[in-house]
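Fold and contact review
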Amino acid sequence: MSASTSAATRPANAEQTGRRIEEVLDRLTASGDPTAAAAAEELVRSLMDFYGSGLARVLQLLSAAPGGIPGTLLGDELVASLLVLHDLHPEDRDARIARALDSVREHGLEAVDFDTASGALRLRSRAAGGCGCGSGADAQEAARAALACFAPEVTEVVVESAPALLQIGSGPVGSR
């Protein structure tokens, strides 16, 4: 198996990759060789610039093509995270938040409010048919993971349960 084949079959994750890069740079800094650490940081910056320029060109070519940029590209977590990382994503923050929530639609989440100063996004859970008994922790983790790819400016996710709905019968029990 070639290196390109094995890389293509392993899904990349922007958050994990970022952590790995930071760990390597930290190890180089801790090694006590400032020249090696500076060279590694320059290498990362150069690669980021190179790939960012390539992505910008791809978007430019796709935008000029009939039909524009396919929605499947913008909906792909890896592609979306790369576009956001390079500040190239054509959708605004609110559209990317909606796309992220759509990718975890089984949790029935809707955006309530975003605080730009703190990066906190308040969500309301409509899960479990509106009875208020959905798993908030699962929904919060799913939303956090999706938002990390599509809208990394969201740094905190708070999920509120929708108010529980009361079941009201058609009349007193004896009148049926």
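Heads up: these notes are all about the structure in this document. All values derive from a computational prediction rather than experimental measurement.

Thoughts on unusual backbone geometry
Of note in the backbone geometry, Asp87 takes a positive phi value of approximately 55° without being a glycine. Tracing the backbone shows Asp87 in the loop between helix H5 (77-85) and helix H6 (93-103).

Quick notes on the sheet that holds strand S3 (residues 156-161)
Read from one edge of the open sheet, 3 strands run S1-S2-S3, paired in mixed fashion. Edge positions in the sheet fall to strand S1 (109-115) and S3, since each of these pairs with one other strand and no more. Strand-to-strand twist across the sheet, computed as the mean angle between neighbouring axes with direction ignored, equals 25°. Taken strand by strand, H6 contacts S1 and strand S2 (120-125), and its axis lies near 150° from that of S1.

Regarding the environment of Ala38
Locating Ala38 in the fold gives a position in helix H3 (residues 34-64). On the basis of relative accessibility, which here comes to 44%, the residue Ala38 falls in the partly exposed class. Taking the C-alpha atoms as reference points, Ala38 and Leu25, separated by 13 residues in sequence, lie 9.1 Å from one another.

Topic: the nonpolar core
Taken as a class, soluble globular proteins show a tendency for nonpolar side chains to be buried jointly. In this structure, Leu109, Leu123, Leu147 and Val154 are the most contacted members of the largest nonpolar core, which totals 20 residues. Broken down by secondary-structure element, the contributors of at least two residues to this core are H6, S1, S2, helix H7 (136-150) and S3. Not counting the four nearest positions on each side in its chain, Val154 is found in contact with Ile97, Phe114, Gly119, Leu121 and Leu147.

Examining the side chain of Glu91
Mapped onto the fold, Glu91 is located in the loop between H5 and H6. A distance of 2.7 Å separates a polar atom in the side chain of Glu91 from a polar atom in the side chain of Arg99. Those residues within four positions of Glu91 in sequence are excluded, and the remaining contacts are Leu74, Arg96 and Arg99.

Notes on the pairing of S2
Where S1 lies against S2, 6 bridges are found, and the strand directions are antiparallel. Residue pairing in the sheet places Asp113 in a bridge with Arg122 of S2. What sits between S1 and S2 in their antiparallel hairpin is a turn of 4 residues, with Gly119 showing a positive phi close to 80°. As paired elements, S2 and S3 share 6 bridges and run parallel to each other. Across the sheet, residue Arg124 finds its bridge partner in S3, namely Glu160.

Describing the layout of surface pockets
Considered as a void within the structure, the second largest pocket measures approximately 230 Å³ in volume. Taken together, 14 residues make up the lining of the second largest pocket; nearest its centre are Glu15, Leu147, Ala148, Cys149 and Pro152. Of all the secondary-structure elements, those providing two or more residues to the lining of the second largest pocket are helix H2 (14-30), H5, H7 and S3. It is H7 that contributes the most residues to the lining of the second largest pocket, 4 residues altogether.

Re H2
Spanning 17 residues, H2 covers 24 Å between terminal C-alpha atoms, matching the ideal 24 Å at 1.5 Å per step. One or two residues past the end of H2 sits Gly32, with phi positive at roughly 85°.

Some details on the side chain of His86
Structurally, the position occupied by His86 is in the loop between H5 and H6. Taking relative accessible area as the criterion, His86 reaches 17% and is therefore assigned buried. With residues near it in sequence (within four places) discarded, His86 still touches Met48, Tyr51, Gly52 and Leu55.

Description of H5
Residues lying three or four places apart along an α-helix face the same way, a consequence of the helix completing one turn every 3.6 residues. The complete set of buried residues in H5 reads Ala80, Ser81, Leu83 and Val84. End-on view of H5: buried residues confined to an arc of 165°, all on one side of the axis. Where H5 begins, the capping side chain belongs to Asp76, and its oxygen is found 3.1 Å from the backbone nitrogen of Leu78.

Definitions and cut-offs
Residues numbered from 1 in each chain as written. Predicted model: local features only at pLDDT ≥ 70, side-chain atom pairs only at ≥ 80, totals over all residues. Heavy atoms only, no water. Helix = DSSP H or I, 4+ residues; strand = E, 2+ residues; numbered from the N terminus. Pairing = 2+ DSSP bridges. Axes fitted to C-alpha atoms, helices over the stretch in contact; angles between N-to-C directions. Contact = heavy atoms within 4.5 Å. Buried < 20%, exposed > 50% of the residue type's maximum accessible area, 1.4 Å probe, protein only. Core = buried A, V, L, I, M, F, W, Y, C linked by side-chain atoms within 4.5 Å. Polar contact = N/O pair within 3.5 Å; in protein donor to acceptor, adjacent residues only side chain to side chain. 1 Å grid on protein atoms, 1.4 Å probe; cavity = no way out; pocket = protein on both sides within 12 Å on 5 of 7 lines; lining within 4 Å. Points joined across faces, edges and corners; volume = space filled by probe spheres on them. Expected span 1.5 Å × (residues − 1). Arc of directions from axis to C-beta.

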